Amino acid sequence: MKLGRLNHIGIATPSIADSIVFYRDVMGATKIHEPFDLPEQGVKVCFVDTPGAGGARDGTQIELIEPLPGNTSIAGFLEKNPAGGQHHMCYEVPDIHAAKAEFEAMGKRVLGEPRIGAHGTLIFFLHPKDMGGVLTEIMETPKGDH
């Protein structure tokens, strides 16, 4: 397995609206995407761009994640961390199925089958106990401007 680009850092938040104010007013973010619901994953998400050497596409995004009603995983995270906090890190790979096979061959626990994520590409998660204590998302490199 070869480490790919750090695409985004997932931040669980009890309020995307409040987090947008924070990233805009405190952190100086200038490119904040429109929040949208991802009902199949039970969350509302909003991406905040950070600049990279070659522009926004090269920067790492911040993915703000707010649970929708009925979501137990993010809601549970927020019960333990009421103010929110880092939820996961996401790395890009050129081929999601090859990456899944490689991680499984190494004995890493893949949490579910690949599914479409917030960027519209296939993703899967790896158990934090197998990844140095960090919930890790692996996503196929987006083809468009995300």
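The coordinates are above.
A brief report on the enclosed structure follows. (Residues numbered from 1 in each chain as written. Predicted model: local features only at pLDDT ≥ 70, side-chain atom pairs only at ≥ 80, totals over all residues. Heavy atoms only, no water.)

## Remarks on the packing of aromatic side chains
Given two aromatic rings, their pairing is described by the distance between the two centres and the angle made by the two planes.
Right, on to step 1. Inspection of the entire model under this criterion finds two aromatic pairs.
Right, on to step 2. Ring centres 5.1 Å apart and planes at 85° place the aromatic pair Phe22 and Tyr23 in the edge-to-face group.
Right, on to step 3. The class of Tyr23 is buried, set by a relative accessible area of 14%.
Right, on to step 4. Considering the side-chain rings of Phe103 and Phe124, the 6.3 Å spacing of their centres and the 80° angle between planes classify their relative orientation as edge-to-face. Of this pair, Phe103 sits in helix H3 (residues 96-105) while Phe124 sits in strand E7 (residues 122-126), placing them 21 residues apart in sequence.
Right, on to step 5. Judged by its relative accessible area of 6%, Phe103 is buried. (Phe/Tyr/Trp six-rings, centres within 6.5 Å; stacked < 30°, edge-to-face > 60°. Buried < 20%, exposed > 50% of the residue type's maximum accessible area, 1.4 Å probe, protein only. Helix = DSSP H or I, 4+ residues; strand = E, 2+ residues; numbered from the N terminus.)

## Digging into the environment of Glu140
Right, on to step 1. Among the structural elements, Glu140 can be located in strand E8 (residues 136-140).
Right, on to step 2. Here Glu140 is in contact with Val93, Pro94, Asp95, Ile96, Thr121 and Leu122, once residues within four sequence places are set aside.
Right, on to step 3. Engagement of the side chain of Glu140 in a polar contact is seen with the backbone nitrogen of Ile96, the distance being 2.8 Å. (Contact = heavy atoms within 4.5 Å. Polar contact = N/O pair within 3.5 Å; in protein donor to acceptor, adjacent residues only side chain to side chain.)

## Things to note about the nonpolar core
Right, on to step 1. Ala12, Leu38, Val43, Val45, Phe47, Ile65, Ile74, Phe77, Leu78 and Ala118 form the largest nonpolar core, which has 10 residues in total.
Right, on to step 2. Among the secondary structure elements, those contributing two or more residues to this core are strand E3 (43-48) and helix H2 (73-80).
Right, on to step 3. Non-local contacts of Val45, meaning those with residues more than four positions away in its chain, are made with Ile16, Glu34, Pro35, Phe36, Glu63, Leu64 and Ala118.
Right, on to step 4. Ranked by size, the runner-up nonpolar core spans nine residues in total, among them Ile11, Ile20, Tyr23 and Ile62. (Core = buried A, V, L, I, M, F, W, Y, C linked by side-chain atoms within 4.5 Å.)

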